[in-house]
Amino acid sequence: MAKNSLTLESVRHSLIRQEDSIIFSLIERAHFPINSPTYSQSYVSNSIPAFSGSLLRFVVKETEAPLAKAGRYANPEEHPFFPEDLPPSVVPPHNFAKFLHPPAASININQDIWDTYINKLLQLFVAPGDDGNYASTAASDLVCLQALSRRIHYGKLVAEVKFRESPQEYEPAIRAKDRDTLMKLLTFEKVEEAVMKRVAKKAMMFGQEVTLNNDGNHGKYKVDPSVVSRLYGDWIMPLTKHVEVEYLLRRLD
Ligand SMILES: C=C(O[C@@H]1C=C(C(=O)O)C=C[C@H]1O)C(=O)O
C-alpha cells in the first residue's frame, strides 16, 4: 500500500499483524531458560578482542553492521540499537515514501527498549536456569528486540495519521509542549483493552501444544497468555505512546 494512503485503520492493522511476530519471538525465546551470562559483561570480557560488553550486545552490534550495509536502516520503520559507527548502505537506494515529518528520524528509543527488555520483561516470560545455550539465547533476544523496536517506533506512523485526521486538536498542545494533553488526545482506551485481550488469545492459540488427538494442552502454554497481556499493557503500549508524544512534539518544527 502506498504510504500516503495510510489511515488509522491501516496502521492499526499493521500493529495487529506485528503482534504475531512479537508473540512468536517471545515463544522462541521462552524455549531457553534465562541464561544470565548472556547479559553479563564479565562472561565475555577478556575473550572477545577489542570489545567490552555482554554477549547480547556483541551479537546485536555485529548483526546490525551487515544489515546496515544491506540498507535495512534506510527504511524509516527500522531503527538500529547501536547507530554509532554503522557502515553505510552499499545497495541501490530505495525511494521510501516520505510519509513522516522529517524530525521523526531523530527519534530512536532503542536504549529504553533494550533496558526494559533485559531488566523488566525477560524475567516475566522466561524460566530461571542455565543450559549454556548463550549464543542461541542472544540470537532469540535479537529477534524479540527487533520486533519490539519495530512495533514501538511504529508509533510515529500512528501519530502522523492521528495528527492529519485532526490537526486543529493537536496543534495547540504541540505549541504548548503539553505532553499530558497530547497523551490524552492520542489515547484510545477501548483499543488498548482490545489489544490486551487479543494478544492473550493469540498467545493461547500460538503457544498451545499441538497433538493429533487434542489431549496435549491441559491449560499449559509456551508463554503465559496473561503475561503477554501484561507486557503489552505495562510496557509495549506505553512505549509506543511515548514515541507518539515525542513525534507529535516535533510535528510543527
Ligand atoms: C496505537 C494507538 O495509539 C494508542 C496506543 C495503542 C497501542 O500501543 O496499541 C493503542 C491505542 C492508543 O491508546 C492506536 O490508537 O491504535
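Preceding this paragraph is the structure being described.
Residues numbered from 1 in each chain as written. Predicted model: local features only at pLDDT ≥ 70, side-chain atom pairs only at ≥ 80, totals over all residues. Heavy atoms only, no water.

Describing the overall build of the protein
And then number 1: Across its full length, the protein carries ten helices and zero strands.
And then number 2: Its C-alpha atoms give the protein a radius of gyration of 20 Å, near enough to 18 Å, the size a compact globule of 253 residues would have.
And then number 3: Within the protein, the proportion of its 253 residues that are buried is 46%.
And then number 4: A total of about 13,400 Å² of accessible surface is found on the protein, and carbon and sulfur atoms cover 55% of it.
And then number 5: Averaging the locations of the 30 positively and 31 negatively charged side chains of the protein gives two centres separated by 3 Å. (Helix = DSSP H or I, 4+ residues; strand = E, 2+ residues; numbered from the N terminus. Rg over C-alpha atoms; globule rule 2.2 N^0.38 Å. Buried < 20%, exposed > 50% of the residue type's maximum accessible area, 1.4 Å probe, protein only. Areas by Shrake-Rupley, 256 points an atom, 1.4 Å probe, with all protein chains shown as cover. Lys, Arg positive; Asp, Glu negative; His and termini not counted. Charge placed at Lys NZ, Arg CZ, Asp CG, Glu CD.)

What about unusual backbone geometry?
And then number 1: Phi is positive for N35, close to 50 degrees, though the residue is something other than glycine.
And then number 2: Its location among the elements puts N35 in the loop between α1 (8-30) and α2 (41-44).

What about the environment of E160?
And then number 1: On the secondary structure map, E160 appears in helix α6 (residues 155-165).
And then number 2: Sequence-wise, E160 and M205 are 45 residues apart; in three dimensions their C-alpha atoms are separated by 33 Å.
And then number 3: Ignoring sequence-local partners within four residues, the contact set of E160 consists of F99, L100, H101, Y247 and R251.
And then number 4: Only 2.6 Å separates the side chain of E160 from the side chain of R164, close enough to count as a polar contact. (Contact = heavy atoms within 4.5 Å. Polar contact = N/O pair within 3.5 Å; in protein donor to acceptor, adjacent residues only side chain to side chain.)

Points about the pattern of salt bridges
And then number 1: A full pass over the atoms with the stated rule returns 15 salt bridges.
And then number 2: Across the pair K241 and E192 runs a salt bridge, and its minimum N-O distance is 2.8 Å. On the criterion of sequence distance, the pair formed by K241 in helix α10 (residues 225-249) and E192 in helix α9 (residues 189-206) is long-range, its members being 49 residues apart.
And then number 3: Residue K241 is classed as buried on the basis of its relative accessible area, which comes to 15%. (Salt bridge = Lys/Arg side-chain N within 4 Å of Asp/Glu carboxyl O.)

Looking at the site of the ligand
And then number 1: Lining the immediate surroundings of the ligand are 15 residues, of which R12, R151, K162, F188 and E192 lie closest.
And then number 2: The separation between an oxygen atom of the ligand and a polar side-chain atom of R151 is 2.8 Å.
And then number 3: Taken by itself the ligand offers 360 Å² of open surface, and the protein chains cover 99% of this.
And then number 4: At the level of elements, α1, α6, α9 and α10 are the ones that each hand at least two residues to the shell around the ligand. (Near = heavy atom within 4 Å.)

Some details on the environment of V91
And then number 1: Mapped onto the secondary structure, V91 falls in the loop between α3 (55-69) and α4 (110-125).
And then number 2: For the pair V91 and H79, spaced twelve residues apart in sequence, the C-alpha separation works out to 18 Å.
And then number 3: Ignoring any residue separated from it by four or fewer positions in sequence, one finds V91 in contact with K69, A70 and G71.

Focus on the packing of helix α5 (residues 134-153) against α10
And then number 1: At a minimum axis distance of 7 Å, the contact between α5 and α10 shows a crossing angle of 50 degrees. By the angle class used here, α5 and α10 are oblique. Contacts between α5 and α10 involve L148, R151, I152 and H153 from the first element and Y232, I236, M237, L239, T240 and V243 from the second.
And then number 2: Tallied by class, residues from the contact of α5 with α10 come to seven nonpolar, two polar and one charged. (Axes fitted to C-alpha atoms, helices over the stretch in contact; angles between N-to-C directions. Parallel < 35°, antiparallel > 145°, perpendicular 65-115°, else oblique. Nonpolar A, V, L, I, M, F, W, Y, C, P; charged D, E, K, R; others polar.)

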